[in-house]
Amino acid sequence: MFDDLPYSLEEIICGVDEAGRGPLAGPVYAAAVILHRERPIPGLRDSKKLTEARRDELAPLIREHCIAWAVAKASEAEIDRLNILQASMLAMKRAVYALATVPTLALIDGNKCPVMKIQTIAIIDGDDKIESISAASILAKTARDEALLKLHKKYPQYGFDQHKGYGTALHLERLREHGPCPVHRRSFAPVRELIERDAFL
């Protein structure tokens, strides 16, 4: 896998990934991780391919054994103002800049990179190919899930503890019943359409 990489392994490499681009509510989260080559963490892979229990097991191991890690977010208001892609890029940039160790290269999951002061390389499906991106994927996902559990306590009528803000049948049903709350993304079609509908009632 590493024979044809377009960078030197002497670089200080951080993996970067986001969680929460698709949901109708809550911030988008991103994480950046610089792994320690002499402290391997078995089982790292795309967080979406791991069970919640396994992610919860791996997250503290990543934080304990890596050189540096950071988690950041972009708010619902920033998502609505910038669009979800740009808000995701902003969250990624914030995570990289929050690292206690300054990296020389950021490997970004996906096909687009945020503009930063360091070199960046986008890697499609990187969260299942590059361990540092896998680690970032896990930290971003567990941080966002924890945040949505807190939002559930504040807005229990929406069932955020069950769907984590994604547009499931349950979430859409509760959204129609109760209307949007302050953490819903106004620019996302199901929420926007409800707001527009209510404006004409």
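Scroll up to find the structure.
Reading guide: rules and limits
Residues numbered from 1 in each chain as written. Predicted model: local features only at pLDDT ≥ 70, side-chain atom pairs only at ≥ 80, totals over all residues. Heavy atoms only, no water. Core = buried A, V, L, I, M, F, W, Y, C linked by side-chain atoms within 4.5 Å. Buried < 20%, exposed > 50% of the residue type's maximum accessible area, 1.4 Å probe, protein only. Helix = DSSP H or I, 4+ residues; strand = E, 2+ residues; numbered from the N terminus. Contact = heavy atoms within 4.5 Å. Phe/Tyr/Trp six-rings, centres within 6.5 Å; stacked < 30°, edge-to-face > 60°. Lys NZ or Arg CZ within 6 Å of the ring centre and 35° of its normal. Pairing = 2+ DSSP bridges. Expected span 1.5 Å × (residues − 1). Axes fitted to C-alpha atoms, helices over the stretch in contact; angles between N-to-C directions.

Peer 1: Any chance you could break down the nonpolar core for me, citing the residues and the numbers?
Peer 2: If you look at soluble globular proteins, the nonpolar side chains tend to sit buried side by side. Val 16 and Phe 160 are the most contacted members of the largest nonpolar core, which has 36 residues in total. Elements with a contribution of two residues or more to this core: strand 1 (13-19), strand 2 (28-34), strand 3 (68-74), helix 3 (84-97), strand 4 (105-109), helix 4 (131-154) and helix 7 (189-199). No other element matches the seven residues that helix 3 contributes to this core. Those residues in contact with Val 16 that lie beyond four places of it in its chain are Ala 31, Ala 32, Met 92, Val 96, Ala 106, Leu 107, Ile 108, Asp 109, Ile 133 and Ala 136.

Peer 1: A description of the packing of aromatic side chains should follow, citing residues and the corresponding values.
Peer 2: Summed over all chains, the structure comprises one aromatic pair. Measuring from ring centre to ring centre gives 5.6 Å for Tyr 158 and Phe 160, while their planes differ by 20°; the resulting arrangement is stacked. Both residues of the pair, Tyr 158 and Phe 160, count as buried. Against the face of Trp 69 rests Arg 63, its NZ or CZ located 5.7 Å from the ring centre.

Peer 1: How would you summarise the pairing of strand 2 if you had to cite specific residues and measurements?
Peer 2: Summarising burial for strand 2: seven of the seven residues are buried, a large majority. The alternating pattern of strand 2 places Val 28, Ala 30, Ala 32 and Ile 34 and Tyr 29, Ala 31 and Val 33 on opposite faces, both of which are buried. The sheet contact formed by strand 1 and strand 2 spans five bridges and is antiparallel. Of the residues in strand 2, the one forming a bridge with Gly 15 is Val 33. Of the pairings in the sheet, the one linking strand 2 to strand 3 comprises seven bridges and is antiparallel in character. Looking across to strand 3, one finds that Tyr 29 is bridged to Lys 73.

Peer 1: Can you explain helix 1 (residues 52-65)? Please cite residues and give values.
Peer 2: Across its 14 residues, helix 1 extends 20 Å between first and last C-alpha, which sits within 8% of the 20 Å expected from 1.5 Å per residue. Those residues of helix 1 not exposed but buried are Arg 55, Leu 58, Ala 59 and Ile 62. Against strand 2 and helix 4 lie the buried residues of helix 1.

Peer 1: An account of the sheet that holds strand 1 is needed here, citing residue identities and associated values.
Peer 2: With mixed pairing, the five strands of this open sheet are ordered in space as 3-2-1-4-5. At either margin of the open sheet sits one strand with a lone partner, and together these are strand 3 and strand 5 (119-123). Averaged over all pairs of adjacent strands, the angle between their axes in this sheet comes to 20°, without regard to strand direction. Direction of pairing for strand 1 relative to strand 4: parallel, over a ladder of four bridges. Residue pairing for strand 4: Cys 14 is matched across the bridge by Ala 106. Most of the contacts of helix 3 go to strand 2, to which it runs at about 35°, and overall it touches strand 1, strand 2, strand 3 and strand 4.

Peer 1: Residues and numbers for the environment of Leu 175, please.
Peer 2: By the secondary structure assignment, Leu 175 is in helix 6 (residues 169-178). Sequence separation between Leu 175 and Ile 195 is 20 residues; the distance between their C-alpha atoms is 11 Å. Contact partners of Leu 175, with chain neighbours within four places excluded, come to Leu 24, Tyr 158, Pro 180, His 184, Pro 190, Val 191 and Leu 194.

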